[in-house]
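Spelled out, the chains give:
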Amino acid sequence: MKPPRLADRLLQLFCAPHRLEEVQGDMHEEFAWQVKRLGYRRARWRYWREVLGFLKPPAGWPFAVKRKPYSTTNQLTTSMIRNYLKIAFRNLVRNKTFSAVNMLGLALGMACSLLIMLWVQDERSVDAFHANKNQLYRIYMREFFSGKLQGVIWTPGPLAEELKKSIPEIQYSTPYEWVSDQTFSVGTKINKQATNTVGPDFFKMFSFKLLQGTPEAALKDRNGLAISRSMAEVFFGSPEAAMGKPIRFDNRTDLRVTAVFENLPPNSTLKFDCLRNWDAYVADGNDWAKGWDSTDPLTFFMLRADADPAKVAAKIRHLLDKFNRDGNKPFHTELAMQPFHEYYLNSTFKNAEIDGGRIEYVRLFSFVAVFILLIACINFMNLATARSAKRAKEVGVRKVVGAMRSILIGQFVGEAMLLTAFSVVLAVLFVGLTLPVFNSLTDKQITLPFDSLSSWAILVGLTLVTGLIAGSYPAFFLSSLNPIRILKGTLKFDAKSTWLRQGLVVFQFSLSILLMVGMIIIYRQVEYVQTKNLGYDRENLIYFPLEGDLGKNFDILNRELLQIPSVKNVSHMTASPASNGAGTEGISWAGSDPNDKVRFTPVSVGYDFVKTMNIRLREGRDYSKEFGADSSGYLINEAALKVIGYKHPIGQTINWGGRKGTIIGVLNDFHFQSLHTTIRPLIAHLNTRQRSGNVIVRIEAGKTAEALAQIETVCKKLNPTFPFTYSFTDQEYARQYQSEQVVSKLSTYFAFLAIFISCLGLFGLATFTAEQRTKEIGVRKVLGASVANIVGLLSQDFLKLVAIAIVIASPVAWWAMSQWLQGFAYQITIEWWVFAVAGSLAVLIALLTVSFQSIKAALMNPVRSLRSE
Amino acid sequence: MKRSYLGEFEEIVLLTVAVMEGGAYGVAITHEISEQTSRSVRLNQVHAALERLEDKGMLKSEMGEPTAERGGRRKRLFTVTAYGRRTLQEIQDVRATLWTRLLNPFKPATSL
């Protein structure tokens, strides 16, 4: 016969713990009595009633409401909290060096992490501001050529229209050409503007704010032009004044301003000053854009809000099959789609699928941020545990007086939080100071987002997390100490705690060495890329667009330029010397496989091309006016020769799009693209009637300024309606490695910061050790040890740790950096000395840090250290 | 009045504890009161009163022996403190004085 279990549970739950035993005992006794009196059933009912009686007492009744804790001393009263704070402050002030080292380390680490966090946030915000963000996609194609499946972002011109026509889920679509600088004029005002071409849906898809005009009408007219606020201000004074006004394009077509949009935000990947109508562009001599064979623009589209992206992806996959653009190839070009806002960070292809890109740098730096913060936290833990001997007595007394373990943990974690909070303030200050430098380094416009609530939340979160990580170990360690042993003075710190401390130092230095090796290798690869012999001479080579009347008058231009004393050679070419991404498959030769066409990079050039570029000829000759039949002669590079396979190439025939010609020369391989890609087969032909592309001019070294001035006068004379703009090949080449350069610089700074923070920790630890071993050092000195002996003794413990760190970090660093180098087709080899340098640097820095303290300890007069007993 | 105020129910509980001389604990007190006064007294009321009396310093308690029917739990045995006894005495004295000043005592003396 037992009382109802549930009721009993309820009682246990609600009754004051210190009264539970007697109350429950009474209840049970009463129950047993009632069972005898009334029977089991009614007794149970009564029991329930009694329990409920204990549960709903009016105010002032003892049970269920007034609950007394076991302990009679309350440890969280305001006076206790005041005491905790006071002790915390006293400890901070008493150990000034420790506190400063601690806070500085933490603040630097956090400042670094904050900067990286800001950068990552900024990277992630790119293209994410469009209201229709989740419905916007871009197309990429999976093509089969040169015997391989490859991912391609260039798409055929009619694709955008076709998508909208054949897939009902697609609401809007637009082609997006490549930005080029075009000349516009209004009256006497002439200016070059970054120009692009899009379909009429463009402003309906993307959230670019229109100051004038409507999204529907912005690009509807063939002669319409949408311009930016700044362009409107340059030509018309204000956006309002610009609307509807005529503007002359390329000195041959009159357009009309049909919309003015707000200047583009910095976090947009689409960048342009003005947009032309796509149909007008196609009609303007771009017939290729009507066919399915040629590819050039990007294609963007927007799904309807209720569409299922997976279904659309399945539908578009074989959309191109009906156009039979692949002939009899074993593979038909497939279409695939990628969310538009992901394309900035994920843009590289692997096996014709999107695989990574800039996101790898974002991830890399996120890791670095966490690592550096971790290093700073470890410093904190290390120093706090090292100091625990001094705090141990306090812990002992507190425990004896009645502090519970949880309260002590709270106290130490709270102290860590306090210190972290100070450091956060310091860190924000650091970030504020370094942000301008950081911005110019990364080419961004990041500001401290004090106005957004989330950034404050992040700061508070950072404080809490860092404080918790940094404070947890010391808190648990100190609170676990046995008060009797502490107060008796027999407390010895066992091997476990030093082992952990040493482990932390090893971890810290491993991370630092990892960063350092990474820094050296990235730096060397960037250096290698910048100084690599490209196969042509990129110094003193300038180029400017062949535009306006220059094409017509090229012979005069050529003659006049060559009369300038500092100009050595002049030629022209399609594309630019530093970057040529074009492709053609229409090349055949004796023995070529018609079903597997190789993609060549085509280039049309002028006379003296090889001489001007300063490319070495393997065989044959340059295009020259002295030979008559050069217009049917082709130049190829070594990569092309390898594909074609002629033994004696000079004089052999090649068929390019129906035009038969002979090979007149073979060029040594030269890099006409970035070093991320291998050198592709190249074919050049002579086109003396070229009306587009670039004029390339080789000038004499050291006479750049005067050469440029004279070239400008010549151009102004021959082509007065176009402003003269030029580029240096070496600068344009370097621009292709901008992100690598930024990464190189950032990793340098971060690696040194990591080392610095680690050394702060080591410094603190060395101070502590020296202090702990004062007596030992005194005794040793009395017994005849020299200063060198003692310095060695104190330093070797730390050097051992750094040595272990080197052993651990080297293979990890080697693996990580070989992964990174995979991204380059032309890469440096990782050499052993990199690890040696990083390692010895770490050893050296550690030694310097430690020796400062150990020399100080070794020089101390033993009388003073031994007297105090 | 210097002493703490004592409610009527508290006074009965205190008196009962005094009467039971050492054997006073929750259930026993409850049964005793309901027998003596024919009231229906609930255990929680008694416990509340005991707690308050202890707070006021009129009762003191210690844990007694566990018994089987209590599931091996100990009982809390209450005894009246000197202060409690004095308080009861004072109440009794006040009443006695007042009764003696009654000019026409009621015929059959009614109980409490």
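Reading the values: rules and limits
Residues numbered from 1 in each chain as written. Chains lettered and ligands numbered in written order. Predicted model: local features only at pLDDT ≥ 70, side-chain atom pairs only at ≥ 80, totals over all residues. Helix = DSSP H or I, 4+ residues; strand = E, 2+ residues; numbered from the N terminus. Buried ≥ 20, exposed ≤ 12 C-beta atoms within 10 Å, placed from the backbone. Pairing = 2+ DSSP bridges. Contact = placed C-beta atoms within 7 Å. Nonpolar A, V, L, I, M, F, W, Y, C, P; charged D, E, K, R; others polar. pLDDT = per-residue confidence, 0-100. Expected span 1.5 Å × (residues − 1). Axes fitted to C-alpha atoms, helices over the stretch in contact; angles between N-to-C directions. Parallel < 35°, antiparallel > 145°, perpendicular 65-115°, else oblique. Left-handed = near helix turned anticlockwise from the far one by under 90°. Core = buried A, V, L, I, M, F, W, Y, C linked by C-beta atoms within 7 Å.

## Examining the overall build of chain A
Within chain A, the regular secondary structure consists of 27 helices and 25 strands. Relative to its 869 residues, chain A shows a buried fraction of 38%.

## Section: the pairing of strand β4 (residues 180–186) of chain A
Residue and element names in this part refer to chain A. Across seven bridges, β4 lies against strand β5 (residues 189–198) in antiparallel orientation. Counterpart to D181 in the pairing with β5 is A194. What sits between the antiparallel neighbours β4 and β5 is a turn of two residues, in which G187 has the positive phi angle 60 degrees. Pairing between β4 and strand β8 (residues 246–249): two bridges, direction antiparallel. Note on β8: the bridge partner recorded for S185 is R248.

## Looking at the interface of chain B and chain A
At the junction of the two partners, chain B supplies 16 residues and chain A supplies 18 residues. Taken together, the elements giving at least two residues each to the side of chain B that touches chain A come down to α2 (26–37), α3 (43–56) and β2 (74–80) of chain B. Among the residues making up the side of chain B that touches chain A, the classes are represented as four nonpolar, four polar and eight charged.

## Side note on the confidence of the model for chain B
Residue and element names in this part refer to chain B. On average, chain B scores 84 in pLDDT, and the residues at 70 or more come to 90%. Here strand β1 (residues 59–66) is the element of chain B with the lowest mean pLDDT, 86, and helix α1 (residues 8–20) is the one with the highest, 91. This complex was scored by the predictor with a pTM of 0.69 and an ipTM of 0.83.

## Looking at helix α2 (residues 20–38) of chain A
Residue and element names in this part refer to chain A. Taking 1.5 Å of rise per residue, 19 residues should cover 27 Å, and α2 covers 26 Å from first to last C-alpha, within 8% of that figure. Restricting attention to buried positions, one finds in α2 the residues E22, V23, G25, D26, M27, H28, E29, E30, F31, A32 and V35. Just downstream of α2 lies G39, where phi reads positive at about 95 degrees.

## Comments concerning the packing of α2 of chain B against α3 of chain B
Residues and elements named next belong to chain B. Taken N-terminus to C-terminus, the directions of α2 and α3 make an angle of 110 degrees; their axes are 9 Å apart at the nearest point. On the basis of their axis angle, the class for α2 and α3 is roughly perpendicular. Crossing handedness for the pair α2 and α3: right-handed. Side by side, α2 and α3 meet where G26, V27, I29 and T30 of the first sit next to L43, V46 and H47 of the second.

## Remarks on the nonpolar core
Residue and element names in this part refer to chain A. With 98 residues, the main nonpolar core has I372, A376, I513, M516, V517 and A754 as its most contacted residues. Sorting elements by how many residues they give to this core places helix α12 (residues 359–386) first, with 17 residues. The contacts of I372, once residues within four sequence positions are left out, are G109, C112, S113, F750, L753, A754 and I757. If you look at the next biggest cluster of nonpolar residues, it comprises 51 residues, including L159, F249, M302 and V312.

## Section: the confidence of the model for chain A
When pLDDT is averaged across chain A, the result is 83; 94% of the residues are at 70 or more. Confidence drops under a pLDDT of 50 for residues 57–72 of chain A, and excluding neighbours within four residues, the segment shows 27 contacts in the predicted structure.

## Observations regarding the environment of L335 of chain A
All names here are of chain A. Considering the arrangement of structural elements, one finds L335 in strand β12 (residues 334–339). L335 sits in the buried class, given 20 other C-beta atoms within 10 Å. It is 7.5 Å that separates the C-alpha atoms of L335 and L320, two residues lying 15 residues apart in sequence. When near neighbours in sequence (up to four residues on either side) are disregarded, L335 contacts I139, M141, I316, R317, L319 and L320.

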